[in-house]
Each structure stands twice: as structure tokens, then as C-alpha cells.
Amino acid sequence: MLEQSDKRLEIDTSLGFGKFNLEIQCELSLQGVTGLFGPSGSGKTTLLRILAGLENRSKGSVSYGGVIWQDSTVFIAPHLRSVGYVFQDARLFSHLDVEGNLRYADRRKIPKNRLITFSEAVSILQIDSLLHRETDSLSGGERQRVAIARSLLSQPELLLLDEPLGALDVVHKKEIFPYLQSLHRSFGIPTIYVSHSVTEMAQLADNMIMIDSGRINSIGSVSQVLGREALDWSVVPFEPVAILSVKVVEDFPALHLTRVAHGEQTLMVPSLKNVQPGDSIRLSVRATDVVLATSKPVDLSVRNVVLGQVKSVKTAPGTAFATVTVDVDGTCIPSQVTLEAIDELGIETGLPIYALIKTATFDRSFSGGLS
Amino acid sequence: MPDLGPLWLSLALAGVTTVILFFLGTPLAWWLSCTTSRLKPVIEAITALPLVLPPTVIGFYFLIALGPASPVGSFWLQVTGDALTFSFTGLVVASVIYSLPFMVQPLQNSFESIGVGPMEAAYTLNASRIDAFFSVVVPQARRGFITSAVLAFAHTIGEFGVVLMVGGNIPGQTKVISIAIYEHVETLNYADAHILSAGLLSFTFVVLFLVYAQRNGNRTHA
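Conventions adopted
- Residues numbered from 1 in each chain as written.
- Chains lettered and ligands numbered in written order.
- Predicted model: local features only at pLDDT ≥ 70, side-chain atom pairs only at ≥ 80, totals over all residues.
- Heavy atoms only, no water.
- Helix = DSSP H or I, 4+ residues; strand = E, 2+ residues; numbered from the N terminus.
- Buried < 20%, exposed > 50% of the residue type's maximum accessible area, 1.4 Å probe, protein only.
- Areas by Shrake-Rupley, 256 points an atom, 1.4 Å probe, with all protein chains shown as cover.
- Pairing = 2+ DSSP bridges.
- Domains from an automatic or database assignment.
- Contact = heavy atoms within 4.5 Å.
- Buried area = accessible area lost by both parts, 1.4 Å probe.
- Salt bridge = Lys/Arg side-chain N within 4 Å of Asp/Glu carboxyl O.
- Polar contact = N/O pair within 3.5 Å; in protein donor to acceptor, adjacent residues only side chain to side chain.
- Expected span 1.5 Å × (residues − 1).
- Bend = angle between axes of the 7 residues up to and from the residue.
- Axes fitted to C-alpha atoms, helices over the stretch in contact; angles between N-to-C directions.
- Parallel < 35°, antiparallel > 145°, perpendicular 65-115°, else oblique.
- Left-handed = near helix turned anticlockwise from the far one by under 90°.

Moving on, we get to the overall build of chain B. Looking only at helices and strands, chain B features 11 helices and zero strands. The secondary structure elements of chain B, listed N-terminal to C-terminal, are α-α-α-α-α-α-α-α-α-α-α. Over its C-alpha atoms, taken along the principal directions, chain B stretches across nearly 65 × 45 × 25 Å. Buried residues in chain B amount to 45% of all 222 residues. Carbon and sulfur atoms make up 71% of the accessible area of chain B, which totals about 11,300 Å².

Now the structure itself:
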């Protein structure tokens, strides 16, 4: 395993395709998984391709760990950047079988980066039984697992994952998700993960960059970016979510529930696999799964009731809804409620309020399972 | 039994031409498959000319371009002491140009259908451009290479007009099988003309059959 590396990625680049123009300036300390998030067509893949050196028409500069990858005079070829890239469409070599694909990367590895051995890659991604299969006989999920293993075997210093779940149906997403979650924990390799799914971001990323129309919209830790009060969800075509950092308290196997603590308050969530009391995990909560009440409710099926304070009320012009942001022990939880309800309950900034969170919201956010 | 010299000469000419085209046509086809240059259609049109022009037109220009009075021809004469026209070497030069589209077009199609995806994947696995070409594109284009080589070979065997214009009819030098058949017919030696013609017909059919068989096999396999 590599030392926990903390390399800076400095990007100041632009690339135009007809009317679309990507312009990205940022400096990142690449620790853990950085999510690159934004709607389709916002330039996520293009930025990733620039980093990998696959867009030689890109202008400006990119440097990683003090090494200039490109600027006005230099352009380091992609094979000299030690970047691993997992494509959305896997791009396995059709003239080789699965083992041939893995050996291809293994033969070209950078010897000094000892990230993973052939047998580790095979066992972690569970491809022992696939080794002698032809690539065109694999399912979508199997292809991605092989592609991830192949990429790791080239011993990259930076791993770029371009929507590895994008082409998969729900069943196969569930199949891959645990592997993705364990990747960074197992190898400590800095990773940039592209996705347009809030849930994937919440589960996998530590920091994130949100881009929109080729520009950086916001940048920071996942809870900062997604929980940002100023985040204008109306321009970001995603449902508002909150990211709760919680600690595992106790598991109730008979009930298939786990109790977790958020500050002083506790929540019940569907059983978490492979976690120990004391582990820190992140949960995502959708605004549409949060109900507000001005007094503590009784006789309700909702198990999770937390007390907070109204931080802001934002109306969405032309709709019946407003987004009420509730501050619960420092975490912003958005809730989508009707304007009528706001009027009737007298919801305004500063009001103490109970947020009722449906347990099922966690079930969906864990659709991939937590390994 | 007719003299089989022309047959061996045809096979030698086709063999040498195919080998040269292999080295010439592969980079050209690769360049055409991935360039965005404005020159691309110009080069494509030039490459396709031999498909359309009567062999006599091409042969006529070769005769002028390779003749001892031309810069190329006189240079060759000075260096080697032999004229390019009416020689085996001249035939090879003419055949390379004449059969170029048969090498380049199937290869270009093959490269284009592979696309840049596998190359890019290879780059990100630390393969250099050359490495990626030989380790990914060449094996994936295997069928394209076979088709191209077979077509270029067979087309050179079947060449007549260009050979007649540039090479004439010198036994052991330029008298290839198609010229020999022509001569047998002219001298009313139908028996030998039959033997050579039937041989060439069967050979050509077998070659084309093999090409199409492996192409169809390719399709059902994919």
C-alpha cells in the first residue's frame, strides 16, 4: 500500500467544442476521493480527459504533485502521467480474454508504485472465476470490475473514475458499489470520481467539485457543498439532500435496524452491514423525505424525529413549494414543504422545529450496501 | 504444357508488391483513419484513383514518369545502370501504386471501426503510442490486414494493362501470367491459354472465397 499521499493538483485549463466552452481553475489537495459532480454535458468527462492527457487540444496548465503535466510549452503524453482511467464503457480489449486484459496492465506497471499485486486485484474485485472468459461474454457489472482491476494493476498515482456506474442498471450498480467503497480504503490512492448521482457522491466522496456548463459552481467537502445553504438547488437539477455524519451506536439484528448518533440525537436506520459501533459513516437524506412539525409528534410511524432550528426559507417561484433548511446540531437538513404549510405553521427563520425523517430514505441511500 | 515462368514471375511480383504495400499502406491507412486534416479527402481521392482509371492511363503516365528521360527514371539509371521501364523493378513500382487502394481501404475501414477508444485505454495503462498500436490496434485489425494483403496480392496477379504499358513482354523480366495468356491467344495457342486462364480463374476464385468466408465468419462471430 502506498503512503497516504497528499499531492496537489493544480488546474488552469480551457477547451472549447463549438458552443461549449470548459474553463476550470482550481487547486486541489487530493486526499481520498474527490467527487466531480454536475449535470450531463457539464464537462465532467472532458475535465477528466484533460487530466489524463487525452485532450491534446486543451489549453492552459495542469500540474500534479509539483510535476508539470502540461503548460504552454510542455505536454506530457498520457502514458507518462501514471494516471489510471476507468471509462464509463469499460473499454476492455476485445482481442484478449479477461486475464489477458489484466496482464496487459501488469506488464506495463510502474515498478516503484507497489499498489496492488495481480492476485490481490483478482481477489478484491472477485474476478477469479472470470479470468478465462472472453470480454464480450461479460455482464456490464463484470466488465467494470475487470476495468477497475486492470486500471489498478497499472499502479497509477491518481485514479480517475468516469461514471463507472453510469452504464449499469440498478442490479449491477449494487454489485459494483461495495468495491468502489472499499477502493480508497484499501489502497489510499487519490481518486477523482465522476458522477451525476447525489447518492453516489454522498457515499463515496470526501470532497467534491460541482461543475455546471463548464465552470466550477462550488468546491469543498461533500457536506459543505451539498449542505451549503446558499446552494441554489433550482439551478442544479438535483433533489436537495443533506449529508449527515453519524456514529454507529448499536445494531439490532432482530429488527434489522441500526442505531446511529448525530451529536446528542439518535436515529434508527436500516441495518448497516460490516460496521462496528463507533464507526463514522455518512448518510444522505432527501429533502422530499423530511417532514416538519412545530411540536413533537406522537402516534406516528416515523421513527426518526430530530430537533433543530429553521435556518432559512427559500421559495421556488412559480411552484407550490419552498425549501426550508433546518439546522440540526450544525448540519443543514433541507425539507421540501408547501407554501401553504409554511403559512399555516408560521415557519420562519429561528423557529425551533422537529424534522421527521423517514427511515426508508436511508434504505434508498444505501441501495449499494455499505461494506 | 505451357512455360510456367510467367506464373512464377507473377507470384514474385505480387509477393514483393504486397510486402512493400504492407509497410507503405499501414501508416497511410492509420493516418487516414485518425486525421482531421483538410488534406484527408485529397489523399483519399488520390489513393482511390487506380480503382477508377483505365490501367492504360496509369500505365501511360508511369511510362513517362519512370522513363529514362524523366527525373526519377534518369536518377535510377545513374544509380543502378538499368532503366526502370521494361524491368521487374519498374513493374514493382507501378504495381505498388496500382494496388494501393486494395491495401489501404480495407485497412482504413478496419482501423476506423476499432476507433480511438482502445488506444486511449492503452495509453492510460502506460502504453506509449507505438506500443498501443502494435499491442492493441494490430491484433484487433488482424482480419483487416489479412483482407488487405490478400486483395493486394490477388489484384497484382490479375494486372494486365499497366504491365503491358510499363513492362512490355520480356521473358523472365516482365512477362507475367496475364501477358503470357495474351501472347498465347495472339499466336492462336489456345491450349496453353486455356491452361493458364483456367489456373488464374481458379486461383482468383479460391482467394476471393477465402476472403469472403473469413469476413462472414467475422460477422457471425461478432
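Residue and element names in this part refer to chain A. Within strand E18 (residues 331–338), six of the eight residues are buried, leaving the element largely enclosed by the surrounding structure. Across eight bridges, the pairing between strand E17 (residues 321–328) and E18 is antiparallel. Looking at the pairing, Phe321 lines up with Thr338 of E18. Where E17 hands over to E18, the hairpin turn is made up of two residues, of which Asp329 adopts a positive phi near 45°.

Turning next to the domain arrangement of chain A. The accessible area lost on association of the parts is a frequent measure of interface size. All names here are of chain A. Taken as a whole, chain A is organised into domain 1 (7–227) and domain 2 (241–361). Measuring from the centre of the C-alpha atoms in domain 1 to the corresponding centre in domain 2 gives 33 Å. Taken together, the contacts link 11 residues of domain 1 with six residues of domain 2. Summed over both partners, the interface of domain 1 with domain 2 comes to about 690 Å²; 49% of that surface belongs to carbon and sulfur atoms. Put simply, domain 1 and domain 2 have zero salt bridges between them. Between domain 1 and domain 2 we count zero residue pairs in polar contact (both at pLDDT 80 or more) in total. Ranked by residue count, the leading element in the side of domain 1 that touches domain 2 is helix H6 (residues 198–204), at five residues.

Enumeration according to the criterion identifies 16 salt bridges over all chains in this entry. B:Glu120 is the partner of A:Arg91 in a salt bridge, and the nearest nitrogen-oxygen pair spans 2.8 Å. Of this pair, A:Arg91 sits in the loop between strand E6 (83–86) and helix H2 (98–107) while B:Glu120 sits in helix H6 (residues 117–124), which puts the two residues in different chains. Salt-bridge contacts for A:Glu99 lead to A:Arg103; the nearest nitrogen and oxygen are separated by 3.3 Å. With A:Glu99 and A:Arg103 both in helix H2 and four residues apart, the pair spans about one turn of that helix. Since its relative accessible area comes to 31%, A:Arg103 is described here as partly exposed.

Right, let's get into the interface of chain B and chain A. Counting residues at the interface gives 17 residues for chain B, matched by 21 residues for chain A. For the pairing of chain B and chain A, the buried interface totals around 1,600 Å² over both sides, and the portion due to carbon and sulfur atoms is 57%. Broken down residue by residue, the surface that chain B buries against chain A is led by B:Thr124, B:Leu125 and B:Asn126, which jointly contribute 42%. Between the two partners, chain B and chain A, sit three salt bridges. Between chain B and chain A we count nine residue pairs in polar contact (both at pLDDT 80 or more) in total.

Further remarks concern helix H2 (residues 40–52) of chain B. Residue and element names in this part refer to chain B. Taking 1.5 Å per residue as the helical rise, H2 with its 13 residues ought to reach 18 Å, and the 19 Å between its terminal C-alpha atoms agrees with that figure. At Ile46, H2 shows its largest kink, close to 25°, and the proline Pro50 lies no more than four residues downstream. Three or more residues of H2 are buried, namely Lys40, Thr47, Ala48 and Pro50. Those residues of H2 that are buried are in contact with helix H1 (5–34), helix H3 (55–66) and helix H5 (88–114).

Residues and elements named next belong to chain B. It is at 6 Å that the axes of H2 and H5 come closest, and there the two elements cross at 130°. When the axes of H2 and H5 are compared, the pair comes out oblique. Here H2 runs over H5; the crossing is left-handed. When H2 is examined against H5, the residues Lys40, Glu44, Thr47, Ala48, Pro50 and Leu51 are found in contact with a partner set consisting of Ile97, Tyr98, Leu100, Pro101, Phe102, Val104, Gln105, Gln108 and Glu112.

The next thing to look at is the sheet that holds strand E13 (residues 265–270) of chain A. Residues and elements named next belong to chain A. Pairing within the open sheet is antiparallel, and its four strands lie in the order E13-E12-E11-E14. Every interior strand has two partners, whereas the edge strands, E13 and strand E14 (280–286), have only one. Going from strand to strand, the sheet's axes swing by 45° on average, the running direction of each strand aside. Bridge count for strand E12 (residues 257–262) against E13 is six bridges, and the pairing is antiparallel. Bridged to His262 within E13 is Gln265.

Turning to the sheet that holds strand E8 (residues 191–195) of chain A, a few remarks are in order. All names here are of chain A. Strands sit in the order E6-E7-E8-E3-E9-E10 across an open sheet of six strands; the sheet is mixed. Across the chains shown, the open sheet's two edge strands, defined by having one partner strand only, are E6 and strand E10 (215–221). Adjacent strand axes in the sheet meet at a mean angle of 15° when their direction is disregarded. When strand E3 (residues 33–37) meets E8, the two strands line up parallel, connected through five bridges.

Now for the environment of A:Lys7. Residue and element names in this part refer to chain A. As for its placement among the helices and strands, Lys7 is situated in strand E1 (residues 7–17). On a C-alpha basis, the gap between Lys7 and Gln31 in space is 7.6 Å, while along the polypeptide they are 24 residues apart. Residues contacting Lys7, with those up to four places away along its chain left out, are Leu28, Ser29, Leu30, Tyr64, Gly65 and Glu157.

Turning our eyes to something else, we now look at the side chain of B:Ser33. All names here are of chain B. Mapping Ser33 onto the fold places it in helix H1. In this structure the side chain of Ser33 is engaged in a polar contact, spanning 2.8 Å, whose partner is the backbone oxygen of Trp30. When sequence neighbours within four positions are dropped, the list of residues in contact with Ser33 reads Gln108, Phe111 and Glu112.

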